[in-house]
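# Remarks on the overall topology
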Amino acid sequence: MLILAFDTSGLYGSAALLDGPRLLAERILPTDRRSAQTLAPAIAELLASQPVTAKQIRLVATTFGPGSFTGLRVGITAAKTFAYAAGAEVLGISTLAAIAHGIQPHQPGPNLTAEIMTREIHAILDAQRKELFIGRFTTNSTATDNEYNLHPLTRLADDTIISADDWLASLQPGTIVAGAGLERLQDRLPPGIIVDPNSRQPRAAVIGQLALRDYQAGRRDDLWKLAPLYLRPSYAEEKAAKSAPPSGA
């Protein structure tokens with residue numbers, strides 16, 4: 001099954017083409033222009049590099065949130081448009097799940113050990129306003145690989161928002177942390193926290209592998225109903241709500 005996967009949820013987007021779990025090609029989107037300008041050329045380059053036609057793609061996957069409001073809208077719109085034109089299925093993947101699954105036990109990085117197999121994992125993104133988007137996962141498997149090239153993780157809770165101070169206070173020694181939200185907080189991490197230096201952004205290759213796993217497990221997203229998960233209203237929506245007259249006035 002040919003899969004097109006991409007991420008536009010943050011500053012460093014990416015796109016990938018996979019044949020089942022096997023990565024065929026991956027591109028990092030340029031950061032000097034908006035993803036709305038760079039995603040389509042990257043997809044065209046991926047297809048031409050194999051070569052593969054759009055009609056051969058059977059599954060399109062993208063992150064649906066949390067992340068940049070504008071970036072998520074770009075990714076969701078592109079995924080739905082491409083899937084409709086190609087006659088493909090579409091699946092949305094949690095941005096935080098993609099970050100957490102980007103931690104690979106057989107490619108641990110200099111600060112990680114085999115203890116990843118039994119540790120709690122926190123994937124975090126900066127939500128602004130001194131808050132974080134957080135996804136919490138764990139694994140008790142001793143497996144180091146599977147057919148999807150993914151480390152088997154179990155989600156502990158739905159993605160949510162937490163204050164940075166509360167998150168830091170809740171951390172237990174041995175927790176593995178990953179994600180772009182660490183950029184402003186790494187110096188404040190308590191002792192005993194394991195930082196993954198490699199999985200800061202969701203990789204399109206991982207998004208594609210997660211989508212394949214979910215698809216083969218029977219999950220389907222409705223092309224017309226797939227929408228970004230923002231986890232909170234935008235600043236403009238909050239401002240409008242505060243300025244609206246009371247109901248019944």
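Refer to the structure presented above.
Residues numbered from 1 in each chain as written. Predicted model: local features only at pLDDT ≥ 70, side-chain atom pairs only at ≥ 80, totals over all residues. Heavy atoms only, no water.

### A few points about the nonpolar core
Spelled out, the test is: For the purposes of this section, nonpolar cores are sets of buried Ala, Val, Leu, Ile, Met, Phe, Trp, Tyr and Cys residues that join through side-chain atoms within 4.5 Å. Type-normalised accessible area, obtained with a 1.4 Å probe on protein chains alone, sets the label of each residue: buried when under 20%, exposed when over 50%, and partly exposed for intermediate values. Runs of H or I in DSSP of at least four residues are treated as helices and runs of E of at least two as strands, each being numbered from the N terminus. Note on contacts: a residue pair is in contact if any heavy atoms of the two residues lie within 4.5 Å.
In this structure, L4, F6, I43, L47, I57, V60 and F82 are the most contacted members of the largest nonpolar core, which totals 25 residues. Contributing elements (two or more residues each) for this core: β1 (2-7), β2 (14-19), α1 (35-48), β4 (59-65) and α2 (69-86). Discounting chain neighbours no more than four positions away, the residues touching F82 are L4, I43, L47, A54, I57 and V60. Listed in part, the 18 residues of the second largest apolar core include L18, I93, A98 and L210.

### What to know about unusual backbone geometry
Note that the residue after Q50, namely P51, is joined by a cis bond; omega there is -10°. Its location among the elements puts P51 in the loop between α1 and β4. The amide bond that connects G65 to the next residue, P66, takes the cis arrangement and shows omega of 0°. If you trace the backbone, P66 turns up in the loop between β4 and α2. Of note, Q128 is a non-glycine position whose phi angle comes to about 65°, a positive value. Within the secondary structure, Q128 is located in strand β6 (residues 120-128). Note on Q128: relative accessible area 43%, which makes it partly exposed. A positive phi angle, near 60°, is found at K130, a position not held by glycine.

### Quick word on the packing of aromatic side chains
Note the following rule: Working definition: a ring pair exists when centres of Phe, Tyr or Trp rings (six-membered ring for Trp) sit within 6.5 Å. Plane angles under 30 degrees give stacked, over 60 give edge-to-face, the rest tilted. Over a ring means this: the NZ of a Lys or the CZ of an Arg is within 6 Å of the ring centre and within 35 degrees of the ring normal.
Throughout the structure, instances matching the rule amount to two aromatic pairs. Ring geometry for F69 versus Y230: centroids 4.3 Å apart, planes at 10°, classification stacked. Separated by 161 residues along the polypeptide, F69 in helix α2 and Y230 in the loop between α5 (204-216) and α6 (235-243) bring together distant segments of the chain. The same class applies to F69 as to Y230, namely buried. Positioned above the aromatic ring of Y215, the side-chain terminus of R220 is 3.6 Å from the ring centre.

### As for the sheet that holds strand β3 (residues 22-28)
To keep things clear, this is the line we draw: Pairing between strands is defined by DSSP: at least two bridges between the two strands are required. In this analysis an axis means a line fitted to C-alpha atoms, helices contributing only their contacting stretch, and an angle means the value between N-to-C directions, from 0 to 180 degrees.
Spatially, β3-β2-β1-β4-β5 is the arrangement adopted by the five strands of the open sheet, whose pairing is mixed. Sheet topology places β3 and β5 (89-94) at the edges, where each strand pairs with a single neighbour. Averaged over all pairs of adjacent strands, the angle between strand axes in this sheet comes to 20°, irrespective of strand direction. Relative to β2, β1 is paired through six bridges, and the arrangement is antiparallel. In the strand pairing of β2, D7 is matched with S14.

### Focus: the side chain of D214
Which entries qualify depends on this criterion: The definition of a polar contact used here is a pair of N or O atoms within 3.5 Å, where within protein one atom must be able to donate a hydrogen and the other to accept one, and adjacent residues in sequence count solely through side-chain atom pairs.
Tracing the backbone through its elements, the reader meets D214 in helix α5. Exposure remark for D214: the relative accessible area of 14% places this residue in the buried category. Here the side chain of D214 touches R219 through a polar contact of 2.8 Å, side chain to side chain. Beyond its immediate sequence surroundings of up to four residues, D214 is in contact with L91, I93 and R219.

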